[in-house]
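# Descriptive analysis of the structure
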Amino acid sequence: MPPSSMTLRVSLFAGMAEAAGRRTIEVPWHGGTVKDVRQAIVAMLPGLEPLLARSAVALGDRYASADEPVPAGADVAIIPPVSGG
Amino acid sequence: MPPSSMTLRVSLFAGMAEAAGRRTIEVPWHGGTVKDVRQAIVAMLPGLEPLLARSAVALGDRYASADEPVPAGADVAIIPPVSGG
Amino acid sequence: MAGCASPIAVCREVVTITDDPIDPTALLAAVAAVAAGGNVLFVGTARSMTDGVATTCLAYDAHEPLARSVLAGLLAAARDRFSLIACGVAHRLGVIEAGEASVAVAASAPHRQAAFEATEWLMEQIKRDVPIWKCEYRPDGSHAWVHGDAVPRSDHVVRAERDNLSAVTSHE
Amino acid sequence: MAGCASPIAVCREVVTITDDPIDPTALLAAVAAVAAGGNVLFVGTARSMTDGVATTCLAYDAHEPLARSVLAGLLAAARDRFSLIACGVAHRLGVIEAGEASVAVAASAPHRQAAFEATEWLMEQIKRDVPIWKCEYRPDGSHAWVHGDAVPRSDHVVRAERDNLSAVTSHE
């Protein structure tokens, strides 16, 4: 499967899932870092941009830094400002 | 009963009861204030003086001030520094 | 009787002084309210060691009527000062084994900060002014009543603090 | 694994994330120890009113694996930072009615101050960094997810704080 046909599954929560209308989105993915994931999401769903700008990104069960590489099969989640407690 | 034969019952607690060897003492009482109660106790049991100096005096269910008058039938208690909790 | 945090909550304070084991859960339930967002419970338990010295058990003595009166005043003061919905205290007397609870304090408020501050403040006041005393029993059979240096404060001072006047005026 | 407050206590932390009602008493029991003198329990409950607006119920969403991981890191950090004997947290997900508990945090320490500080600190961190979200339902049928402005912090930052290095370095 050539890289150009690959996609990345990204989990959404709370107000972000509501804004997107779903809890998981698939963005086109040619490889890159966490920063590139953000750009791919905004390119597909520009309406998420304001909340995304205030969100962290998680890979698996930990928060990721902006320059971390994200492989196509990664467990990616967008973490908007929290309100638990 | 002439004033000179009257006594005042004073309740003691914790280390002060232990130092006095009893939970209640009776001191001679010719009337006076809370300050006079202290002097009457020290006159009878000088060994209580160090702890008494750090103690408050209660009349019934409230702390008393030094110049309050103490009638012979009063419910008087010595309250050394506390350690509850 | 000013200072009730919410018109839909019943303002209330609970004082328990008992020779029986304390039930912290019941105290927490006693301060529960639908207007509450923050509920704090403190439970003081007898340590097996204090500053490197083993303690086999504790015994507590009290001037009960004065303790009830001072505690009621402190709870009313805390409710007003921290805009609590409810608060309560339970203190056990007599012999307490290591691990058992000697005291419990609970407070509820719309927000958590007030509940935390009130519970800490109440514990400080209890340890300073409520006529209850602890005796520590050691493994060698010796015992010692614990008396610090601070003269217990009169309720005049508590009242003054409640009214937000500046501190100590009437140390008897 | 430094920072156990007492050699006779078992160092432990408890994380519970559940759709069922929280049992605060069980959490308090889970942090009990004979070396403990101070035990603090915080219970956050759903208010019927928030800033004058009625709330019929709340619903909580979470990234559960990340929440568990961040909570475990926070509890370990609290244990070391405040020399706790034990600490624990329970968070409920799904629909919560007014008066029900959404979160409980408990901490035990030899002295009460550390237990108070740790419990308050944990609640602050939980509200700042743990991926759990609240939705408020109003009497008119409307609802709103609550999102503040603070970007949740990475575990890098939590680790740095745990090691007492100075603050924010790696906001992703």
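Thresholds applied
- Residues numbered from 1 in each chain as written.
- Chains lettered and ligands numbered in written order.
- Predicted model: local features only at pLDDT ≥ 70, side-chain atom pairs only at ≥ 80, totals over all residues.
- Heavy atoms only, no water.
- Helix = DSSP H or I, 4+ residues; strand = E, 2+ residues; numbered from the N terminus.
- Buried < 20%, exposed > 50% of the residue type's maximum accessible area, 1.4 Å probe, protein only.
- Lys, Arg positive; Asp, Glu negative; His and termini not counted.
- Salt bridge = Lys/Arg side-chain N within 4 Å of Asp/Glu carboxyl O.
- Expected span 1.5 Å × (residues − 1).
- Contact = heavy atoms within 4.5 Å.
- Buried area = accessible area lost by both parts, 1.4 Å probe.
- Polar contact = N/O pair within 3.5 Å; in protein donor to acceptor, adjacent residues only side chain to side chain.
- Nonpolar A, V, L, I, M, F, W, Y, C, P; charged D, E, K, R; others polar.
- pLDDT = per-residue confidence, 0-100.
- Pairing = 2+ DSSP bridges.
- Axes fitted to C-alpha atoms, helices over the stretch in contact; angles between N-to-C directions.
- Parallel < 35°, antiparallel > 145°, perpendicular 65-115°, else oblique.
- Left-handed = near helix turned anticlockwise from the far one by under 90°.
- Core = buried A, V, L, I, M, F, W, Y, C linked by side-chain atoms within 4.5 Å.

To continue, consider the side chain of Glu120 of chain D. Within the secondary structure layout, Glu120 of chain D lies in helix H3 (residues 112-129). Here Glu120 of chain D sits buried without a salt bridge, and the closest side chain of opposite charge, Arg112 of chain C, lies 6.4 Å off (N-O distance).

Attention now moves to helix H2 (residues 64-81) of chain D. Residues and elements named next belong to chain D. Relative to the 26 Å expected for 18 residues at 1.5 Å per residue, H2 spans 25 Å between its end C-alpha atoms, a close match to the ideal helical length. Buried within H2 are the following residues: Leu66, Ala67, Val70, Leu71, Gly73, Leu74, Leu75, Ala76, Ala77, Ala78 and Arg79. Phi for Ser83, located one or two positions after H2, is positive at around 50 degrees.

Listed as interface residues are 35 residues of chain C and, on the opposing side, 30 residues of chain B. Of the roughly 2,600 Å² buried where chain C meets chain B, counting both sides, 57% is carbon and sulfur surface. Counting across the interface, chain C meets chain B through two salt bridges.

Here we come to unusual backbone geometry. Residues and elements named next belong to chain A. Phi is positive for Ala14, which is not a glycine, with a value near 50 degrees. Among the structural elements, Ala14 can be located in helix H1 (residues 14-20). Since its relative accessible area comes to 3%, Ala14 is described here as buried.

This part covers the interface of chain D and chain A. Across the contact, 35 residues belong to chain D and 30 residues belong to chain A. Of the roughly 2,600 Å² buried between chain D and chain A, counting both surfaces, carbon and sulfur atoms make up 57%. On inspection of chain D and its partner chain A, the count reaches two salt bridges. Taken together, the links from chain D to chain A amount to 19 residue pairs in polar contact (both at pLDDT 80 or more). Mapped by element, the contributors of at least two residues to the side of chain D that touches chain A are strand S5 (57-62), H2, strand S8 (101-109), H3, strand S9 (132-137), strand S10 (143-145) and helix H4 (155-162) of chain D. The element that contributes the greatest number of residues to the side of chain D that touches chain A is H3 of chain D, accounting for five residues. Among the residues forming the side of chain D that touches chain A, the class breakdown is 17 nonpolar, nine polar and nine charged.

Bringing the confidence of the model for chain A into the picture now. Averaged over every residue, the pLDDT of chain A is 94; the share at 70 or more is 94%. The lowest-confidence element of chain A is strand S4 (residues 62-63) of chain A, averaging 94 in pLDDT; the highest-confidence one is strand S5 (residues 76-79) of chain A, averaging 98.

All names here are of chain C. Ordered in space as S7-S5-S9-S10, the four strands form an open sheet in which the pairing is antiparallel. Sheet topology places strand S7 (94-97) and strand S10 (143-145) at the edges, where each strand pairs with a single neighbour. Averaged over all pairs of adjacent strands, the angle between strand axes in this sheet comes to 25 degrees, irrespective of strand direction. Bridge count between strand S9 (residues 132-137) and S10: three bridges; the pairing is antiparallel.

Helix packing for two helices is described by the angle between their axes and how far apart those axes are. Residue and element names in this part refer to chain D. Orientation of H2 relative to H3, taken along the N-to-C sense of each, is 155 degrees, at an axis distance of 11 Å. Considering the angle they form, H2 stands roughly antiparallel to H3. In the crossing of H2 with H3, the sense of the turn from one axis to the other is right-handed. Contact residues: H2 offers Val70, Leu71, Leu74, Leu75, Ala77, Ala78 and Arg81, while H3 offers Trp121, Leu122, Gln125, Ile126 and Asp129. In the contact of H2 with H3, the residues fall into nine nonpolar, one polar and two charged.

Moving on, we come to the environment of Thr16 of chain C. Residue and element names in this part refer to chain C. With respect to the helices and strands, Thr16 occurs in strand S1 (residues 12-18). Taking C-alpha positions, Thr16 is 9.8 Å from Val103, a pair spaced 87 residues apart along the chain. Ignoring anything within four residues of it in the chain, the contact list for Thr16 reads Val89, Ala90 and His91.

The next thing to look at is the pattern of salt bridges. Residue and element names in this part refer to chain C. Considering all chains together, one arrives at 22 salt bridges over all chains under this definition. Among the salt bridges present, the one from Asp129 reaches Arg128, with a minimum N-O distance of 3.4 Å. Residue Asp129 is classed as buried on the basis of its relative accessible area of 0%. Since its relative accessible area comes to 22%, Arg128 is described here as partly exposed. Each of the salt bridges in this network shares a partner with another, and the network as a whole consists of Glu13, Arg79 and Asp80.

As a packed pair, helix H3 (residues 112-129) of chain C and H3 of chain D sit with axes 12 Å apart at the nearest point and diverge in direction by 180 degrees. Looking at the two axes, H3 of chain C sits roughly antiparallel to H3 of chain D. Contact residues: Arg112, Phe116, Thr119, Glu120, Met123, Glu124 and Lys127 of chain C in H3 of chain C; Arg112, Phe116, Thr119, Glu120, Met123, Glu124 and Lys127 of chain D in H3 of chain D. A class-by-class count of the residues in the contact of H3 of chain C with H3 of chain D yields four nonpolar, two polar and eight charged.

We now examine the sheet that holds S5 of chain A. All names here are of chain A. Across the sheet, which stays open at both edges, the five strands sit in the order S2-S1-S5-S3-S4 with mixed pairing between neighbours. Among the strands making up the open sheet, the edge pair consists of strand S2 (24-28) and S4. The strands touched by helix H2 (residues 34-44) are strand S1 (7-11), S2, strand S3 (56-59) and S5; relative to S2, the strand with the most contacts, the crossing angle is about 100 degrees.

Of all hydrophobic cores here, the largest spans 88 residues; its most connected members are Ile79 of chain A together with Ile79 of chain B. Residue contacts for Ile79 of chain A: discarding those within four places in its chain leaves Ser55, Ala56, Ala58 and Tyr63 of chain A together with His63, Leu66, Pro131, Trp133 and Pro152 of chain D. Of all hydrophobic cores here, the second largest spans 30 residues; its members include Ala33 and Ala35 of chain C together with Ala33 and Ala86 of chain D.

Considering the arrangement of structural elements, one finds Arg47 of chain C in the loop between strand S2 (38-45) and strand S3 (49-50). Looking at Arg47 of chain C, its side chain comes within polar contact range of the side chain of Thr50 of chain C, at 3.4 Å. Not counting residues up to four positions away in its chain, the partners in contact with Arg47 of chain C are Thr55 and Ala98 of chain C together with Val34, Ala35, Ala36, Gly37, Pro110 and His111 of chain D.

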